[in-house]
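What follows is each chain in one-letter form.
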Amino acid sequence: MGLLIVGCSLESATGNLSQPGATTGTTNSGNDGPGSLGCEQLDLDILDIRNPDTSRLEILMATECEQRPVTGLSENNTNLTELLPGGQANELVARVSTGGTPFMSASVLALDAAGLSGGTLETSHMIDSAIRFIELLPAGIQPGIYLINQTDGFATDRFAPIGTTRPAAIDFLHSLTSYTVKDGPIQLYSGVESAVVVLEQYAATNTATALIGTVYFLIAHKDLGAGSSRIDAVQRLKDTSFGAFAIGLLGDGLSEDVVAEIGVNGSFSTADSALLLDGTNSIIQSIQLFSEQFYQIETCAKAPPSAGTYDLEVSVATRGVAGTVTVPVDASLYSPGCSITD
């Protein structure tokens, strides 16, 4: 039996897709609330800020409504204000872009090593689902494939690192049909932490652009060993900006609750391995949606101080809901001249 975790969630006619959380064979699209988006306030998170050219700022912002991506923002509903010492406030011109293309994107596919051995029909369905994931992964997202083992998370002897080409990734997955491992409980929560570590390390070695990361697990056993603690692993997922989504093939102690807990941003559960492909199809659509909550905002400073820091306020209002976030900016970043039309 197994669990498959990815980075977003949409509704599915078969099986169980929830956003966020997980249940078997049913769908949960979130709660309605004030405003057409179904929440009282937008959650704006500034993930990165840098100046690539003179005084131009590039800001990476994530926008959510009760953990659901907010799409469709533009210059018309996004305002920037320069808050200077002494109370002066300057409205700034901004250019807003979305979709993942301005950012580095990676997706970790984590497979339960024990669940891939034995040559059963369920094993075949799990590998087919993993291959479908690679085939349908949106362009520009770099895949990496790792095996969750019985000891400390990811196996170090067999993996395809982030950046592996799609044909090579599919060949690697085909090779796993003959993969055998020793018996024993898979360290599920150690694998969860390992997935976060892999993405963090990838981002640390590719600093030119900010990272949009998603995590996708295909797991055949509930964590019964020592390994990382459940609480620490789940909190690690919640503390990152990476998308964590779960598809669970229920059984062998693997319950909907486990799937829901790991699928922080959404999940799909089923007791029928033949439905894994349906879940994967829906999750792939969700990955595209997930990337659309990230916005790159380009702006030019108007009258920054010559030294020290000042505040930059970003406010968004769309479909009856609004949100504001303020970020400190280092004035030493600036030099004369700026254009956001280049």
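Predicted model, so just to flag it, every value in this text is computed and none were measured.

Trainee: Can you help me understand the overall build of the chain in this one?
Mentor: Within the chain one finds six helices and 16 strands. Counting over 342 residues, the chain shows a buried share of 53%. Considering only intrachain contacts with a sequence separation of at least 6, the fraction spanning at least 24 residues in the chain is 75%. Summing over all exposed atoms, the chain offers an accessible surface of approximately 13,800 Å²; the carbon and sulfur share of this is 49%.

Trainee: What's the story with the state of the cysteines in this structure? I'm lost.
Mentor: Simply put, disulfide is the name for a covalent bond between the sulfur atoms of two cysteines. As enumerated under the stated definition, the model contains one disulfide in all. Here C39 pairs with C65 through a disulfide, and the sulfurs are 2.2 Å apart. Judged by the torsion about the S-S bond (-135°), the C39/C65 disulfide is left-handed. Taken together, the positions of C39 in the loop between β2 (16–18) and β3 (43–53) and C65 in strand β4 (residues 56–65) put the pair 26 residues apart, joining distant regions of the chain. For C65, a relative accessible area of 3% corresponds to the buried category.

Trainee: Sorry, what's going on with the packing of aromatic side chains here?
Mentor: The way to describe two aromatic rings as a pair is by their centre distance and the angle between their planes. Under the criterion given, the structure shown has four aromatic pairs. Look at Y146 and F159: their rings are 5.6 Å apart centre to centre, the planes differ by 10°, and that puts the pair in the stacked class. Remark: F159 occurs in the loop between β10 (141–148) and α2 (166–175) and Y146 occurs in strand β10; sequence separation between them is 13 residues. For Y146, a relative accessible area of 9% translates into the label buried.

Trainee: Help me understand helix α3 (residues 188–204) in this model?
Mentor: Count 3.6 residues to each turn of an α-helix, and residues three or four apart come out pointing the same way. Here α3 spans 25 Å end to end across 17 residues, near enough to the 24 Å set by a 1.5 Å rise per residue. In terms of burial, α3 is a largely internal element, 12 of the 17 residues being buried. For α3, the set of buried residues is L188, Y189, S190, G191, V192, E193, S194, A195, V196, V198, L199 and Y202.

Trainee: Looking at this model, I keep getting lost on the confidence of the model for the chain. Mind explaining?
Mentor: The predicted coordinates ought not to be read in detail in places where the model reports low pLDDT. Residues of the chain with pLDDT of at least 70 account for 81%, and the chain-wide mean is 78. Mean pLDDT values for the elements of the chain range from 47 in strand β1 (residues 2–4) up to 94 in α2. Across residues 1–14, confidence stays below pLDDT 50; counting only partners more than four residues off in sequence or on other chains, it has 93 contacts. Scored below 50 in pLDDT, residues 20–34 makes 51 contacts in the model with residues more than four places away or belonging to other chains.

Trainee: Explanation requested: the sheet that holds strand β6 (residues 78–83) in the structure shown.
Mentor: Hydrogen bonds along the backbone pair up the strands of a sheet, which may run parallel or antiparallel. Read across the sheet, four strands follow the order β7-β6-β15-β16 without closing on themselves; strand pairing throughout is antiparallel. The outermost strands of the open sheet, each flanked by one partner alone, are β7 (89–92) and β16 (321–330). Pairwise comparison of adjacent strand axes, ignoring direction, gives a mean angle of 25° for this sheet. Alignment of β6 against strand β15 (residues 309–318), held across six bridges, turns out to be antiparallel. Bridging from a neighbouring strand, T78 pairs with V316 of β15.

How each quantity is defined
In this numbering scheme, every chain counts its residues from 1 along its sequence in written order. With the structure being a predicted model, the display of local features is reserved for residues of pLDDT at least 70 and the display and counting of side-chain atom pairs for 80 or more, all residues being used for whole-chain, interface and lining totals. Water and hydrogen atoms play no part in the side-chain values, which are based on all heavy atoms of the structure. Strands are runs of DSSP state E lasting at least 2 residues, helices are runs of H or I lasting at least 4, and numbering of each runs from the N terminus. Relative accessibility under 20% of the residue-type maximum defines a buried residue, over 50% an exposed one, and the middle range a partly exposed one, all with a 1.4 Å probe and only protein chains included. We call two residues in contact whenever any of their non-hydrogen atoms come within 4.5 Å of each other. Under the convention used here, a 1.4 Å probe and the Shrake-Rupley method define accessible areas, while residue burial counts only the protein chains that appear. When two cysteine sulfur atoms are found within 2.5 Å, that pair is recorded as a disulfide. For Phe, Tyr and Trp, where Trp contributes only its six-membered ring, two rings pair if their centres lie within 6.5 Å, and the inter-plane angle classes them as stacked under 30 degrees, edge-to-face over 60, or tilted in between. Given the number of residues in a helix, its expected span is that number minus one, multiplied by 1.5 Å. For every residue, the predictor states its confidence as a pLDDT score lying anywhere from 0 to 100. Between any two strands, pairing holds if DSSP finds at least two bridges. The axes used here are C-alpha line fits, helices contributing only the stretch in contact, and every angle between their N-to-C directions lies in the interval 0 to 180 degrees.

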